[in-house]
Amino acid sequence: MRKRVKRDGLRSHGFVYILLRFWNSASMLRSRLVSGFLIVVGALLAAEIGLRVLQVDSLQYYYDMKRLHAFHPDYLVGLAPNQDRTIRHYAGLWQGRFTTNSLGYRGSPEPDGSPVIACLGDSLVMGFGVSDEETFCAKLAGINLHGKKHQAMNLGVDAFGSVGDYKRLKEASGQLNLDTVLLFVSPNDFTIPPELAKRGVRPDDLIDEDRKNHPELTRFFRIQFEATRISYLLHALKLSREQLAVTMVTRRESVRSQMVQAGLSQPEEGDRISSSTGRYILEQFYAFKKHATCEPEKTSNAQASCPEPVPDQAGYACIPRPAASELEPLPAITMEAYRNMISLAREKNFRLVPVFLPVQVEELYCDMHGKHHALGNYAVRAQAFFEKEGIRTIDLADKVRDICKLEKHSVLDQIIPGDGHLTKSGNIWAARALREKLNAL
């Protein structure tokens, strides 16, 4: 009996010993996990603080731009209200002051009940590259249409597609006394060059369609948007991932082009455009080459060289303007957004005027000579749609030659090199052309 008690006591003691060993091991593991967690958190905080102190130009530019924006539950990204920021491009291409009113409209006054002429579109309309008062939309302030002076409101937000335009317009129709809305149709809405499409770059409207069909994408977008808006470090990681993707595409493009030239590979359809696009990405987004300014001479024949000749390079081929029937119809989601805008204009009793403003360099050169470039086919497709719906449009292709009347009359002086937006001179040209077209409409 004693031996059994003793044996039971030893067994009990062994069990306690095992429990103590397990507890000690678990405590050590917890301690190591806590220590590891604190080390990781400390490293992240150190990286966050370090990036803020260093203020790398490229990161600062994108971070300032991100802080200018705010998440919107309907169209995802808008401009934050009551902002006043001076933003400098990281490569020194431009610097501008960005302000917003209480409604989040860039460089716009507070609505006072006057008739409003509104500019609706993406970053081109918003006015990347210049300060508030230098945008073509701001230069329309005070325009007299059918006997009434108008306030100019800039509804533009970068990265908007047709779907975002409609949602932004629907919101604005309840905030403003809209009289005329200029809808600037962008090639990014529904057209992507084949060489970029093959690599996964998609039009804004199709991205919006995915979000519409998959609500979880919107939730994920909001999380990453808010996180990168707060954290320098997360913003840097996001930019690094995007730049890496662009670099890989560019390098593949360069290698394939060299193999074709060496006869080791067969050219694919669209190679002429593809090679020029690869070169454009390399030269414009990485080298940031400066172009020579074309200043007019101080003589009576100052504009003798205007219009300037089309560059003898691949990708600048001018062609006759095709008929819309020769091109693909617009995507269903784009047509739906346009019809929604037309219905809203009729319901709210304001005039919707689609505008086609050529800003791609190849388009400008060809338009200056009264011809057409394939990059402008998006305008042919959209213009035909609106005309079929009974909506009058404004096409500024025939006003490109008016660039010759500007102080800086080279085509390249209208576009910020490596950025793709209008310069101060380009905004002056666009505003003058718009005023003339509106008065004649």
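Every value quoted in this text rests on a predicted model; they were computed, and no experiment measured them.

1. Thoughts on empty space enclosed by the protein
One pass over the structure, following the stated rule, counts two cavities of 30 Å³ or more. Quantified by volume, the second largest cavity comes out at close to 40 Å³. For the second largest cavity, the full set of lining residues is Arg-106, Gly-107, Ser-108, Asp-132, Thr-135, Cys-137, Ala-138, Ala-152 and Asn-154. Residue composition of the lining of the second largest cavity, grouped by class: three nonpolar, four polar and two charged.

2. Some points on the pattern of salt bridges
Per the counting criterion, the structure on display carries 10 salt bridges. For Lys-399, the salt bridge is made with Glu-436, and the minimal N-O distance between the two is 2.5 Å. Placement of Lys-399 in the loop between strand 11 (394-395) and helix 13 (424-440) and of Glu-436 in helix 13 is noted, with a sequence separation of 37 residues between them. By relative accessible area, Lys-399 is classed as buried at 14%. Given the relative accessible area of 41%, Glu-436 is considered partly exposed. Residues participating in the shared-partner salt-bridge network are Lys-399, Asp-402, Lys-405 and Glu-436.

3. Description of helix 10 (residues 332-348)
Compared with the 24 Å implied by 1.5 Å per residue over 17 residues, the 24 Å span of helix 10 between its first and last C-alpha is a close match. Among the residues making up helix 10, those that are buried are Ile-333, Thr-334, Ala-337, Tyr-338, Met-341, Ile-342, Leu-344 and Ala-345. In this fold, the buried residues of helix 10 make contact with strand 5 (116-120), helix 4 (162-173), strand 9 (178-184), helix 6 (204-213), strand 10 (351-356) and helix 12 (377-388). The positive-phi residue at the C-terminal boundary of helix 10 is Asn-349, with phi of around 65°.

4. With respect to the packing of aromatic side chains
Tallied over the entire structure, the rule returns 15 aromatic pairs. An angle of 40° between the planes, with centres 4.6 Å apart, marks the rings of Tyr-338 and Phe-386 as tilted. Taken together, the residues span a long stretch of sequence, with Tyr-338 in helix 10 and Phe-386 in helix 12 at a distance of 48 residues. Residue Tyr-338 is classed as buried on the basis of its relative accessible area of 1%. By relative accessible area, which is 0% here, Phe-386 ends up buried. Feature note: the residues Tyr-61, Tyr-62, Tyr-90, Trp-94, Phe-98 and Phe-128 constitute an aromatic cluster, connected by ring pairs. It is Arg-211 that lies over the ring of Phe-221; its NZ or CZ is 4.8 Å from the centre.

5. A closer look at a nonpolar patch on the surface
On the surface, Val-34, Phe-37 and Leu-38 cluster together into a nonpolar patch covering about 320 Å² of accessible area. Within the secondary structure, Phe-37 is located in helix 1 (residues 2-54).

6. Quick look at the confidence of the model for the chain
Averaged over the chain, the pLDDT score is 81; the fraction of residues at 70 or greater is 73%. Contacts for the low-pLDDT stretch residues 269-302, under 50 throughout, to residues beyond four places or in other chains number 58 contacts.

7. As for the state of the cysteines
Such a bond, covalent and formed between the sulfur atoms of two cysteines, is termed a disulfide. Tallied over the full model, the rule gives three disulfides. Note that Cys-119 is cross-linked by a disulfide to Cys-137, the S-S spacing being 2.4 Å. Note on the Cys-119 and Cys-137 pair: the S-S dihedral is about 100°, so by sign convention the disulfide is right-handed. Highlighted residues: Cys-119 in strand 5 and Cys-137 in the loop between helix 3 (123-126) and strand 6 (144-145), separated in sequence by 18 residues. By the burial criterion, Cys-119 is buried, and Cys-137 matches it. Within the chain, bonded cysteines paired by disulfides and numbered along the sequence follow the pattern 1-2, 3-6, 4-5.

Parameters at a glance
- Residues numbered from 1 in each chain as written.
- Predicted model: local features only at pLDDT ≥ 70, side-chain atom pairs only at ≥ 80, totals over all residues.
- Heavy atoms only, no water.
- 1 Å grid on protein atoms, 1.4 Å probe; cavity = no way out; pocket = protein on both sides within 12 Å on 5 of 7 lines; lining within 4 Å.
- Points joined across faces, edges and corners; volume = space filled by probe spheres on them.
- Nonpolar A, V, L, I, M, F, W, Y, C, P; charged D, E, K, R; others polar.
- Salt bridge = Lys/Arg side-chain N within 4 Å of Asp/Glu carboxyl O.
- Helix = DSSP H or I, 4+ residues; strand = E, 2+ residues; numbered from the N terminus.
- Buried < 20%, exposed > 50% of the residue type's maximum accessible area, 1.4 Å probe, protein only.
- Expected span 1.5 Å × (residues − 1).
- Contact = heavy atoms within 4.5 Å.
- Phe/Tyr/Trp six-rings, centres within 6.5 Å; stacked < 30°, edge-to-face > 60°.
- Lys NZ or Arg CZ within 6 Å of the ring centre and 35° of its normal.
- Patch = residues over 30% accessible without salt bridge, like charges linked within 9 Å, V, L, I, M, F, W, Y side chains within 5 Å.
- Areas by Shrake-Rupley, 256 points an atom, 1.4 Å probe, with all protein chains shown as cover.
- pLDDT = per-residue confidence, 0-100.
- Disulfide = S-S within 2.5 Å.

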